[in-house]
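# Fold and contact review
These are the residues of each chain, in order.
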Amino acid sequence: MAYRDFREWVELLQSEGELAEVKVEVDWNKEIAAISRNVTSKEGQALLFSNIKGYKDGDFRRVFTGGLGARRRVAMALGLSKDSTYKVIIRTMKDRLRQPIKPTLVATGPVKENIVKGDDIDLFKIPVPFLHSLDGGRYIDTACAIITRDPDTGDINLGTYRGMIADKNHIGKLLAATAHWGNHFAKYRDRGEPMPVAIAYGIDPTLLMCSAAAIQHPSGTSEYDFAGGLKGAAVEVVKCETLDLLVPARAEIVVEGFISPDPKTFVMEGPFGEYPGTYGGMASPKPAVEVKCITYRTDPIYTSNDEGTSPGRWCESPYYFGPMHCALSWNALEAAGVPNVLDVWGNPVSLGNNLRVKIKKIYRGHAKQVACALWGTTIVAYMAKNVIVVDDDIDIHNDEDVDWALSYRTNAEMHDIQFFHVCIGSMLDPSYPMSSRNTQKYGQGKASRVLIDATVNWELEPEEQYGGVRFPPLCTTPDPEDQARVEKRWKEYGIEGTPLTTTKS
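Residues numbered from 1 in each chain as written. Predicted model: local features only at pLDDT ≥ 70, side-chain atom pairs only at ≥ 80, totals over all residues. Heavy atoms only, no water.

### Description of the side chain of D150
Heads up, the condition is: Helix and strand assignments follow DSSP, with helices taken as H or I runs no shorter than four residues and strands as E runs no shorter than two, numbered in order from the N terminus. Contact between two residues is taken to exist if any of their heavy atoms lie within 4.5 Å; hydrogens are not considered.
Within the secondary structure layout, D150 lies in the loop between strand 7 (144-149) and strand 8 (156-159). Setting aside residues no more than four positions away along its own chain, D150 makes contact with D155, H184 and K187.

Spelled out as structure tokens, the structure:
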């Protein structure tokens, strides 16, 4: 890779013309987020804000947004060419995630250049942007890695979970029971002990990809391993100052603290402009990280993501999280023994909630097996609400192909559309009543999931008039000899453009 850490990633983006430094004064109160929204929605440059109102002095002066906010930069982060398609990106992620590389423990690192403890801690010294007008506060945890450890197995987990500054040394957290750190928290709660938590900002982009994705890692591994696989090099980690946790040695900033299970320590958190493009997560008392220590590089760069995506209005997350979810779903299907999975795709605007799977169908019920295998994983806590399965002649990256398959290969009367009710789902999905999304009561949201089997239904009888197959042949493809004649004479016709291609992707 052409970079070792986040700082070198920023330098690479600058050298490639992928970074704009905003040197005029900007306000942390919604202006940074509005600028970022305008740029990221159009796959513009990453942004480095270096002149922030109220933050010209002190140790924390810079904010970075949109590092992975374009398909070409996701490709760059993987060492691929800028023009790589999502199809190439997903397959690359899929293959590399199967080759994890263990992290390397080092004695120290740049993140230890400055250490603050006790009364000197003040989260408001960091120029955290106020992102959306109805947010409950300034959300510091939007582009970061939350690091926890299973108290029984010792396994480490990294995840990206929203967090709001409550006061100078507390961060209110939305904590879902289905997430790995939710499992860890339940164990600490049963022990009556606080959970150690570290939060890393300004991390290697491959580490951010893995932290944000719902990786189902076996015991003895962590997102560090899979980030190493994505990058092709081990992540350097270092011990915390006050916790038994390992954090990225080359991160820009690391916050160390504890979350108490005692409801008396909870703080008000929410709502927040969330990934569906709407406000989610009701304002209520929630667990809080009590910050005990902050370590950081000299002249650190804080990373933020304005979060929330709707048609034509994107943030950074979908550009990398969408393909990561597809890659993880593909690997999960193969791990579950589902044969002949050829491709997985979900438009990033829905973050994989409408997930398309392409298979070479070899038995009746194959599509249903796909859906059940997916819905049996924790990947679907937020994703794959609607699964569309198609045959191998359909290009799932082409909306026209998929719309045609939905129109002419599904028949609700023949069970091609099936519903699975009262499943785990997102507590942030606005299509469900607020009362169904109470994490304090249910631990997670509720979802009814849908399978749309847009493969040829094997209950249809093979027809002699169709040449012994179940589905009529297409009438839209000229016979080969006719097509060849047209292609040979194309220039004679004096028609602009080129003839049809007869090969589908």
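Alright, that's what it looks like, and here's the rest.
### Observations concerning helix 12 (residues 480-493)
Residues lying three or four places apart along an α-helix face the same way, a consequence of the helix completing one turn every 3.6 residues. Our working definition: Expected span of a helix: the number of residues minus one, times 1.5 Å. Here the bend at each residue means the angle between axes fitted to two seven-residue stretches, the one ending at that residue and the one beginning there.
In this model, helix 12 (14 residues) spans 19 Å end to end at C-alpha, consistent with the 20 Å of a helix rising 1.5 Å per residue. The principal kink in helix 12, of about 40°, is found at E487. One or two positions beyond helix 12, positive phi appears at G494, with a value near 70°.

### Observations concerning the packing of aromatic side chains
Selection criterion: Aromatic rings from Phe, Tyr and Trp, with only the six-membered ring used for Trp, were paired whenever their centres fell within 6.5 Å, and each pair was classed as stacked if the ring planes differed by under 30 degrees, edge-to-face if by over 60, and tilted otherwise. Residue exposure (1.4 Å probe, protein chains only): buried if accessible area is under 20% of the type maximum, exposed if over 50%, otherwise partly exposed. Note on geometry: a ring has a charge over it if NZ (lysine) or CZ (arginine) is within 6 Å of the ring centre and within 35 degrees of the ring normal.
Tallying each qualifying case throughout the model produces 11 aromatic pairs. Arranged with centres 4.7 Å apart and planes meeting at 65°, the rings of W375 and F420 form a pair that is edge-to-face. Here W375 is found in helix 9 (residues 366-375), whereas its partner F420 is found in strand 24 (residues 417-425), with 45 residues between them in sequence. With relative accessibility at 14%, the residue W375 sits in the buried group. Over the face of the ring belonging to Y86 we find R71, whose NZ or CZ atom lies 5.8 Å from the ring centre. Stacked on the ring of W28, the Lys or Arg R138 has its end atom at 3.6 Å from the ring centre.

### A short note on the sheet that holds strand 13 (residues 246-248)
How we decide: At least two DSSP bridges between two strands are required for those strands to pair.
The strand order across the open sheet built from 3 strands is 4-12-13, with neighbouring strands paired in mixed fashion. Two strands close off the open sheet at either side, each with one partner strand: strand 4 (104-105) and strand 13. In terms of strand pairing, strand 4 meets strand 12 (residues 236-239) through 2 bridges, oriented parallel. Paired with L105 across the two strands is V237, which belongs to strand 12.

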